[in-house]
Amino acid sequence: MVLQQYQREFIEFAISNGVLTFGEFTLKSGRVSPYFFNAGKFNSGSSLAKLGQYYAAAINAHKDSIKYDVIFGPAYKGIPLSAATVIALANNSSLDVSYSFNRKEKKDHGEGGSIVGAPLKGNVLVVDDVITAGTAIRESMETISNEGAKLAGVVVAIDRQEKGRQSDQSAIQEIQSEYGSPVISVVNLDSIVEYLREQGSAQAANLEAMEEYRRIYGAKY
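As annotated in an unreviewed UniProt entry, the chain is orotate phosphoribosyltransferase from Coemansia asiatica. Entered under Sequence similarities (unreviewed entry) in the UniProt record, the comment concerning the chain runs "Belongs to the purine/pyrimidine phosphoribosyltransferase family. PyrE subfamily." What UniProt records for the chain under Pathway (unreviewed entry) is the sentence "Pyrimidine metabolism; UMP biosynthesis via de novo pathway; UMP from orotate: step 1/2."

Right, dumping it as structure tokens:
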């Protein structure tokens, strides 16, 4: 594959912030992964601002296939991500996009309801950190449907491109198949492998481990 410049920069940004690390990590699934991605370490003003720029770049790279009216950040991780993304779209692309997020529990006083920010109308683009089992996206889909809106697509930081325990499809493939909406990522497993390949001998050991993991656990496309 050919890396886009923003993808290469994002991987370097993630490594420098300790978000993307290499080694041996036992995942919730029990699999021992040669890499780990912890988006929670994007925890400063400057890193969050920059992260929003990469989400915006991924959205703009797919602007011909995704048409959206509002960006939605599911509570809780999606809230700062959606805000950072619309700020980046405004600053870098002169796009003044509305955004909203949900409360975990409905508010029964003041303005009430569970949606904060712009009304969920028209085509809604969901912004989140990762898709593991797809639970958060299914909850977001229920929220969007209840508001009478439609799912335009989903944007995440990383697609592990990893098959589930019950099928050869990844969680992202299952979401796309279930809802008929695209799921785009800033980077995916293939992107990281390609980046390591570009680094040559300095990353040879990590590259070998990543390719072996992909061979065993990679989703079927």
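Asker: Help me get a handle on the pattern of salt bridges, residues and values and all.
Answerer: Under the counting rule described, the total for this entry stands at 9 salt bridges. Arginine 160 is the salt-bridge partner of glutamate 162, the closest N and O atoms lying 3.1 Å from each other. Look at the salt bridges and you will find they share partners, linking Arg31, Arg160 and Glu162 into a network.

Asker: Could you give an account of the side chain of glutamine 173, with specific residues and numbers?
Answerer: Relative to the elements of secondary structure, glutamine 173 occurs in helix α5 (residues 171-179). A distance of 2.7 Å separates a polar atom in the side chain of glutamine 173 from the backbone nitrogen of serine 170. Dropping the residues within four chain positions of it, glutamine 173 is found in contact with Asp168, Ala219, Lys220 and Tyr221.

Asker: Please give an account of the confidence of the model for the chain that cites residues and values.
Answerer: Of all residues in the chain, 96% have pLDDT values of 70 or greater, and the mean over the chain is 92. Across the chain, the element-wise mean pLDDT spans from 82 in strand β4 (residues 98-107) up to 98 in helix α1 (residues 5-16).

Asker: Talk me through the environment of arginine 197; I want residue IDs and the actual numbers.
Answerer: Structurally, arginine 197 can be placed in helix α6 (residues 189-198). Counting along the chain gives 33 residues from arginine 197 to glycine 164, while the straight-line C-alpha distance between them is 26 Å. Arginine 197 has contacts with Leu207, Glu211 and Arg214, leaving out every residue within four places of it along the chain. One polar contact links arginine 197 to glutamate 194, side chain to side chain, over a distance of 2.9 Å.

Asker: Describe the packing of α6 against helix α7 (residues 204-217), naming the residues involved and giving the relevant values.
Answerer: The relative placement of two packed helices comes down to the angle between their axes together with the axis-to-axis distance. Axis separation between α6 and α7 bottoms out at 9 Å; the angle between their running directions is 155 degrees. Comparing their axes, α7 and α6 come out roughly antiparallel. Judged by the sense of rotation from one axis to the other, the crossing of α6 with α7 is left-handed. Mapping the contact onto sequence places Leu189, Asp190, Ile192, Val193, Leu196 and Arg197 in α6 and Asn206, Leu207, Met210, Glu211 and Arg214 in α7. Its residues placed into classes, the contact of α6 with α7 shows 6 nonpolar, 1 polar and 4 charged.

Asker: Got a sec to walk through the nonpolar core? Specific residues and values, please.
Answerer: Ranked by size, the top nonpolar core spans 42 residues in total, and within it Phe10, Phe37, Phe42, Tyr68, Ile71 and Ile192 carry the most contacts. Tallying contributions element by element places helix α2 (residues 45-61) first for this core, with 6 residues. Leave out the neighbours within four places in its chain, and isoleucine 192 touches Ile11, Leu20, Phe22, Tyr35, Ile158 and Met210. Counting 19 residues, the second largest nonpolar core, distinct from the first, contains Phe72, Leu120, Val126 and Ile137.

Asker: Account for the layout of surface pockets, naming residues and giving values.
Answerer: There is about 1,200 Å³ of room inside the largest pocket. Lining of the largest pocket is provided by 36 residues; of these, Val130, Ile131, Thr132, Ala133 and Arg160 occupy positions nearest its centre. For the lining of the largest pocket, the elements supplying multiple residues, two or more each, are β2 (32-37), α4 (135-146), β7 (150-159) and α5. Here the lining of the largest pocket is built from residues that sort into 12 nonpolar, 13 polar and 11 charged.

Cut-offs used in this document
- Residues numbered from 1 in each chain as written.
- Predicted model: local features only at pLDDT ≥ 70, side-chain atom pairs only at ≥ 80, totals over all residues.
- Heavy atoms only, no water.
- UniProt positions renumbered as here; feature names shortened; annotations may be inferred.
- Salt bridge = Lys/Arg side-chain N within 4 Å of Asp/Glu carboxyl O.
- Helix = DSSP H or I, 4+ residues; strand = E, 2+ residues; numbered from the N terminus.
- Polar contact = N/O pair within 3.5 Å; in protein donor to acceptor, adjacent residues only side chain to side chain.
- Contact = heavy atoms within 4.5 Å.
- pLDDT = per-residue confidence, 0-100.
- Axes fitted to C-alpha atoms, helices over the stretch in contact; angles between N-to-C directions.
- Parallel < 35°, antiparallel > 145°, perpendicular 65-115°, else oblique.
- Left-handed = near helix turned anticlockwise from the far one by under 90°.
- Nonpolar A, V, L, I, M, F, W, Y, C, P; charged D, E, K, R; others polar.
- Core = buried A, V, L, I, M, F, W, Y, C linked by side-chain atoms within 4.5 Å.
- Buried < 20%, exposed > 50% of the residue type's maximum accessible area, 1.4 Å probe, protein only.
- 1 Å grid on protein atoms, 1.4 Å probe; cavity = no way out; pocket = protein on both sides within 12 Å on 5 of 7 lines; lining within 4 Å.
- Points joined across faces, edges and corners; volume = space filled by probe spheres on them.

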